[in-house]
Amino acid sequence: MTSLKNDMRTDISHLFLNIRFELKKHLNRKRIVLVVALAIALPILFYAIPPLLGGDYADTANAFASTNLGFITLLIVISGALFAGDAVSGEFEKKTGLTLFSTPQRRTSINVGKFAAALLATWFVISVYYLVTMLEIAQIFGFGAISVEFGMSFMLALIYAASVVAVIFFFSTIMKGTITSTLIGFFLLMLILPIIAGVLQFADVEPWFLVTYSSDVMTNVLGTSTGGFGSSGPAQRIGGGFSPDFYVGVGVMLAYAISLFLIGIGLANRRKME
Amino acid sequence: MHTTEFAIEIENLEKCYVKDVKVLDDVSFTVKKGEIVGYLGPNGSGKTTTIKILTNLLSPTSGHAYINGIDVNKNPKEALKPVGALIEVPGIYDYLTPHDVLRYHGKVHGMEKDKIDARIEEVLKTVRLSDWEHKKLGAFSTGMQRRLAVATTILHEPEILILDEPAIGLDPKGMKEIRDMLKQLQREGTTIFLSSHLLNEVSDTCDKVIFLDQTKVIAYDTVENIKNMVSVKRIEAKFLDQLSTDDLDRIGAIASVNEVEVANGRIHIGFDGKPETSHQILAKLISSGFRVSSYAPETVSLEDFYVSIMSDERGVN
């Protein structure tokens, strides 16, 4: 019993060690600096451009936030690709795994550490984006205008980030090259799935099972569309198109995150240095 | 748990990357605690595959690899605790420093914080990288990367060292330093299992040698016994007088002499390797008036054994 306890204790300590090590790698590679710079610059553009062009901000804080968060999906996918794209494949391609995987620790501690670090880095970037947006709302509309829906949108962005990181991490566990795994994950989420969603909607089929479609709940929750939070039924039609149901959307994002995380960890644990 | 008499035990190991194509075929051997054993074989003989299985980088198709009696592939976390392993040419994280990498490895091995820093200084001094402790690895030469890999391997003062071609990428000075370090570690009781294609390195460093060829172990013995297994078929002779071409022809005409060669002022005489024949040749030389000042079988090296055994295996005369 004591031995099992000690075993678990070292596993947990290895897990945290790997998370710290991976985060250090992200920091030293300066990738995190690049995406944090984007996370600051994008909302600042939305804040600075309307007055410069003589235009007005949106009427409400939520509408302003919704416009401002137009690039959050792109930022989440870029972050996920940069932090999770080479998480596992990189150790094989660059042969750093020869040293890493012959150490006395469970592969699960290493691989979960990699996933967690990629997720934490992505969450940090999202937090910066929302923080800058929140400060802009406070400046334009006052602190009181920061709504619960804005908080909900932030939580949904964190959930979507988990599913994005899981998708890209999954490709990293099955691909040989880091560029392939990063690009496949990126283009699947930015191009292929949105195209499939578009085609399905054109054929009058709601693509509720696609995670990119579900990600619309992040902005829908701000009330800029009639679907989203509080709606019932599988789908709400908006202007002839579909809009994801809040609960179904959250369920799909969680399902992608959990299932692909578990499959990815299983595959990464079994992968050998041939 | 298996028997703990051995630091390393390989039992009927078989590995197929592709179905029915064996890379290792029923390989078995043991390494006692405190021994330093060389693992030799031509490219593709299965050396690295064995080492990868022994460090859980690969799973065997069948058979077992034990470290201190613990099955590595069933319980790698426990089995690899006393091991320091250097396999092939591992990659580096360009953007990290030796300090970052060594600190991580120290922590994985459960070393205490204070001890890690002291030990990092020590091992970096050993591999002549003290001035580079906080420099990014991307700026390191191949030799420096190799020396850092060695430092990582010995950081936690492992009981067992598993080294795959440790001298690759090192200059002669670096190679000598590694050899001296291995000898020092063995004196301190470390078990060392070393694969190499540098036969002199193995001959100088190891107590025992395992020869692997075409997926099988073909010889496992002490270096001395291995050398004794090679029948010496050449004699090196020196003469008081300068020999003319006629003299060399006369020696070549002696029955049982099948080759006469002059190299570096010495005469090399080829024969069938039997002691009686050697005696007959010497007697004939003296009776023919040659003033022989020295007459001895040529020194046997592991290389001779390697060449002879590999030739036999392939049916080469």
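Some details on the interface of chain B and chain A
Here's step 1: If you look at the interface, chain B gives 30 residues, while chain A gives 30 residues.
Here's step 2: Together chain B and chain A conceal approximately 2800 Å² of surface at their shared face, both sides included; 62% is due to carbon and sulfur atoms.
Here's step 3: Inspection of the region where chain B meets chain A yields four salt bridges.
Here's step 4: Of the charged contacts in the structure, one is a salt bridge between Lys 77 of chain B and Asp 11 of chain A, with a shortest N-O distance of 2.7 Å.
Here's step 5: Put simply, chain B and chain A have 13 residue pairs in polar contact (both at pLDDT 80 or more) between them.
Here's step 6: Looking at the side of chain B that touches chain A, the elements that each hand over two or more residues are strand E1 (6–18), helix H2 (76–79) and helix H3 (98–108) of chain B.
Here's step 7: Top element by residues in the side of chain B that touches chain A is H3 of chain B. It accounts for five residues.
Here's step 8: Partitioning the side of chain B that touches chain A into residue classes produces 15 nonpolar, seven polar and eight charged.

Topic: the confidence of the model for chain B
Residues and elements named next belong to chain B.
Here's step 1: Considering every residue of chain B, the mean pLDDT works out to 88; 95% of them sit at 70 or more.
Here's step 2: At the low end of the mean pLDDT range in chain B sits helix H11 (residues 302–313), at 68; at the high end sits H3, at 97.
Here's step 3: The ipTM value of the predicted complex is 0.89, and its pTM value is 0.86.

Considerations on the sheet that holds strand E6 (residues 83–86) of chain B
All names here are of chain B.
Here's step 1: The six strands lie next to each other as E6-E7-E8-E3-E9-E10, forming an open sheet whose pairing is mixed. Edge strands, defined here as strands with exactly one partner in the open sheet, are E6 and strand E10 (216–222). Shown here is a sheet whose adjacent strand axes are inclined to one another by a mean of 15 degrees, direction ignored.
Here's step 2: Two strands pair when backbone bridges link them, and strand E3 (residues 36–40) and strand E9 (residues 208–213) are joined in this way by four bridges, in the parallel orientation.

With respect to a nonpolar patch on the surface
Here's step 1: A cluster of nonpolar side chains, contributed by Ile 179, Leu 183, Phe 187, Leu 191, Ile 192, Ile 195, Ile 196 and Val 199 of chain A, occupies part of the molecular surface with about 720 Å² of accessible area.
Here's step 2: Residue position: Ile 195 of chain A is located in helix H9 (residues 178–202).

Points about the pairing of strand E8 (residues 191–195) of chain B
Successive side chains on a regular strand alternate, one facing one side of the sheet and the next facing the other.
All names here are of chain B.
Here's step 1: By the criterion of burial, E8 is predominantly enclosed, with five of the five residues buried.
Here's step 2: Side chains Thr 191, Phe 193 and Ser 195 of E8 all project onto a buried face; the interleaved residues Ile 192 and Leu 194 project onto the opposite face, where all are buried too.
Here's step 3: Across four bridges, E3 lies against E8 in parallel orientation. Looking across to E8, one finds that Tyr 39 is bridged to Ser 195.

With respect to the side chain of Asp 25 of chain B
All names here are of chain B.
Here's step 1: In this structure, Asp 25 sits in strand E2 (residues 21–32).
Here's step 2: A distance of 2.9 Å separates a polar atom in the side chain of Asp 25 from a polar atom in the side chain of Lys 216.
Here's step 3: Contact partners of Asp 25, with chain neighbours within four places excluded, come to Leu 13, Glu 14, Thr 215 and Lys 216.

Quick word on the sheet that holds strand E12 (residues 259–263) of chain B
All names here are of chain B.
Here's step 1: Read across the sheet, four strands follow the order E12-E13-E11-E14 without closing on themselves; strand pairing throughout is antiparallel. Of all strands in the sheet, those bounded by a partner on one side alone are E12 and strand E14 (292–297). Recorded for the sheet is a direction-independent mean angle of 25 degrees between the axes of neighbouring strands.
Here's step 2: Strand direction decides the pairing type here: strand E11 (residues 234–239) and strand E13 (residues 266–270), joined by four bridges, are antiparallel. Pairing of Arg 234 across the sheet is with Gly 270, part of E13.
Here's step 3: The sheet contacts of helix H9 (residues 245–253) involve E11, E12 and E13, and relative to E12 the element is tilted by about 145 degrees.
Here's step 4: Seen against the sheet, helix H10 (residues 275–287) touches E11, E13 and E14 and runs at an angle of roughly 170 degrees to E14.

Calculation notes
- Residues numbered from 1 in each chain as written.
- Chains lettered and ligands numbered in written order.
- Predicted model: local features only at pLDDT ≥ 70, side-chain atom pairs only at ≥ 80, totals over all residues.
- Heavy atoms only, no water.
- Contact = heavy atoms within 4.5 Å.
- Buried area = accessible area lost by both parts, 1.4 Å probe.
- Salt bridge = Lys/Arg side-chain N within 4 Å of Asp/Glu carboxyl O.
- Polar contact = N/O pair within 3.5 Å; in protein donor to acceptor, adjacent residues only side chain to side chain.
- Helix = DSSP H or I, 4+ residues; strand = E, 2+ residues; numbered from the N terminus.
- Nonpolar A, V, L, I, M, F, W, Y, C, P; charged D, E, K, R; others polar.
- pLDDT = per-residue confidence, 0-100.
- Pairing = 2+ DSSP bridges.
- Axes fitted to C-alpha atoms, helices over the stretch in contact; angles between N-to-C directions.
- Patch = residues over 30% accessible without salt bridge, like charges linked within 9 Å, V, L, I, M, F, W, Y side chains within 5 Å.
- Areas by Shrake-Rupley, 256 points an atom, 1.4 Å probe, with all protein chains shown as cover.
- Buried < 20%, exposed > 50% of the residue type's maximum accessible area, 1.4 Å probe, protein only.

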